[in-house]
Amino acid sequence: MTKHSKLNDFVIKLANVNGTGSASANGLLMKSIFRMGIPVTGKNFFPSNIQGLPTWYEIRVSKDGYLCRSGKVDLMVAMNAETYSADLAEVDPGGFLIYDSTWPRKDLTERSDVTVLGIPLSGMCNEAFESARAKVLMKNVAYVGALVALLNIDMQVVETLLKETFSTKPHLADANMLAIKMGYDYAIEHFDCPLPLKLEAMDRTAGHVVVDGNTTAGLGAVYAGATVTSWYPITPSTSLIDAYSIFCQQLRKDPETGDNNYCVIQAEDELSAIGMVLGANWNGARAFTATSGPGVSLMSEFLGLAYYAEIPAVLYDVQRVSPSTGMPTRTQQCDIVSAAYASHGDTKHVLLFPSDPTDCFHMSRTAFDLAERLQTPVIVLTDLDIGMNDWMIPELEWDENYTPDRGKVYSSEQLKDMDAFYRYLDVDGDAIPWRTLPGVDPKGAYFVRGSGHNKFGGYTEKSDEYKDVVDRLRRKFDTAAALAPAPVLTKNDSIASEKRWALLSIGSCDGAIREARDRLIADSNTNLDYLRIQAFPFHADVLDFIEQYDHVFVIEQNRDAQLRQLLTIELNIDPNRLLPLLSYDGMPVSSDFIVEGVSQLIQQGQAA
């Protein structure tokens, strides 16, 4: 049997039972690799119940800095007897599997192309620790110790991390270190260490951090000047609000009085949450909410009110598998159409598509600026993969000179010099009216209406007056296309591009597409231009890009090709030119999936 021989370029997957404390051990393993200067990312696949069901954590080690799933597993740590067979089947030929041999498993030797290593983890911990809880927790730490030996992880790095983690509880650091050394010593004594899969220190993580997108989005909201959030808890968006609250406690305190300069409200439901956000924004605050697909459905009527009454608001939609409750702890890009047209009637919303936690931070600022400049809801469509998984990103930069763009807001001085103020009158020709804030001046008073109103802000049921307002809202959407972030084009000018084919996508597909392009170029000299859309309404460059090619692969993570639908509806494109490549099993899209799908479709097209 040929064993994998890989240096700083492989995938470790750890299979556990939810609720057994494996998360801290797996995090210690990933952070240790990161501290060695090796690019790494971690993806957590966990059940939606509290404990008892299978959970996996996948660590991608990539010297080249690829942060997506590759679609392969080189080393499996199988700690859950219920998933042994499936875990063994997932290992690539030539790979390795480690399991707890306290209870021998004959079925783990059934694959001749996989090396199975048994370590009596539970047995060792049962002897070394007294409490039942410690025996369960420490067996996970013990397998980290074994991996330190098997993969050539720097033990000094591990010890430093433990001391930092348990700086206030040194007895826990000692207990964890004991478990680490037990696993390490067993591996050194019984196996050839390191394995053909091994690590060597690099210098490619300097200036980077490991963080999830919900954390950076929460920080971005603080940076953008948001002072109010109202939300109803829902997986996978709750940790975004948690992060915002924590950062506010650090950064939104009055330095003289210690009073809070922010407001975090847990509402009784999603309708209340978005209603409070609209009220706060109408009053002049920067306010937002966070939810997932089911929440967007419940908020739709209020979003329609905000669109029609022209009230700024920011909504983070951390997408998960749908429809209905779906699989709350799996990822998809399945709210594209529902978010774009949320609410009944002719309603269109501005959408932003971050691709990673860095984008989540910077697009937070963009979202709040656009919402106020356009006086409309802006929905940031992230997803569970971005929001809750561990990404390696460059350190975020905070511009102290940033000034929020409040858009067209009349001051008291401006109002005093005016004969009259008309809320929905387009005076500048860009379809965006001027607004006022409550209490600034009596001349600025107006009714906020979800019912029919004319351009002066008065109630109406006259057809021509109603039509005048909604036609202006349509023109404002055209203005939004020019203000929203432009798409990002990726080309390789050193190799001639295949002008028959190109790639187009959004959001978290980006990492897998970039790796897939590199592989296609290296393996077959196939160079495909790639456009990543960052916003809806679509920038003019999107149509220009599509028209250059016979066919464009539209890569997205849903069953019904929702991005492709939006492109054909809004840009009037022949759908036959847009070839869907769809991943919707709830797992983050892999580069393998894209390479295989693109190659197959190109071959079919060439044969035809």
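Residues numbered from 1 in each chain as written. Predicted model: local features only at pLDDT ≥ 70, side-chain atom pairs only at ≥ 80, totals over all residues. Heavy atoms only, no water.

### Thoughts on the domain arrangement of the protein chain
You can read the domains of the protein chain as domain 1 (6–206), domain 2 (211–394), domain 3 (412–483) and domain 4 (488–607). With centres defined by C-alpha atoms, the gap from domain 1 to domain 2 works out at 35 Å. The partner domain 2 presents nine residues to the 16 residues of domain 1 that form the contact. With both chains or domains summed, domain 1 and domain 2 bury close to 1,100 Å², and 58% of this area falls on carbon and sulfur atoms. Three residues, Lys43, Phe46 and Leu67, lead the burial of domain 1 against domain 2; their summed loss comes to 45% of the area buried on that side. Residue assignment for the side of domain 1 that touches domain 2 shows that the elements contributing at least two residues are helix 1 (22–35) and strand 3 (40–45). With six residues, strand 3 is the largest single contributor of residues to the side of domain 1 that touches domain 2. When grouped by side-chain class, the residues that make up the side of domain 1 that touches domain 2 number nine nonpolar, five polar and two charged. (Domains from an automatic or database assignment. Contact = heavy atoms within 4.5 Å. Buried area = accessible area lost by both parts, 1.4 Å probe. Helix = DSSP H or I, 4+ residues; strand = E, 2+ residues; numbered from the N terminus. Nonpolar A, V, L, I, M, F, W, Y, C, P; charged D, E, K, R; others polar.)

### So, the pattern of salt bridges
Where charged atoms from two side chains of opposite charge approach closely, those side chains can pair. Taken as a whole, this structure holds 29 salt bridges when the rule is applied. Across the salt bridge formed by glutamate 164 and arginine 35, the nearest N and O atoms sit 2.7 Å from each other. With glutamate 164 in helix 5 (residues 155–165) and arginine 35 in helix 1, this residue pair connects regions lying 129 residues apart in the sequence. What makes arginine 35 partly exposed here is its relative accessible area of 40%. Its salt-bridge partner being glutamate 372, residue arginine 435 comes within 2.8 Å of it at the nearest N-O pair. Here arginine 435 is found in the loop between helix 14 (412–416) and helix 15 (463–483), whereas its partner glutamate 372 is found in helix 12 (residues 357–374), with 63 residues between them in sequence. Owing to a relative accessible area of 2%, glutamate 372 belongs among the buried residues under this scheme. Taken together, the shared-partner salt bridges in this structure form one network comprising Arg286, Asp369, Glu372, Arg406 and Arg435. (Salt bridge = Lys/Arg side-chain N within 4 Å of Asp/Glu carboxyl O. Buried < 20%, exposed > 50% of the residue type's maximum accessible area, 1.4 Å probe, protein only.)

### A word on the environment of proline 588
Tracing the backbone shows proline 588 in the loop between strand 22 (578–582) and helix 19 (591–607). You can call proline 588 buried: its relative accessible area is 4%. Discounting residues that sit within four places of it in the chain, proline 588 has contacts with Lys43, Phe45, Arg69, Thr331, Asp385, Asn389 and Gln557.

### A short note on the side chain of serine 245
Tracing the backbone through its elements, the reader meets serine 245 in helix 8 (residues 238–251). Taking relative accessible area as the criterion, serine 245 reaches 17% and is therefore assigned buried. Leaving out residues up to four positions away in the same chain, serine 245 has contacts with Tyr262 and Val264.

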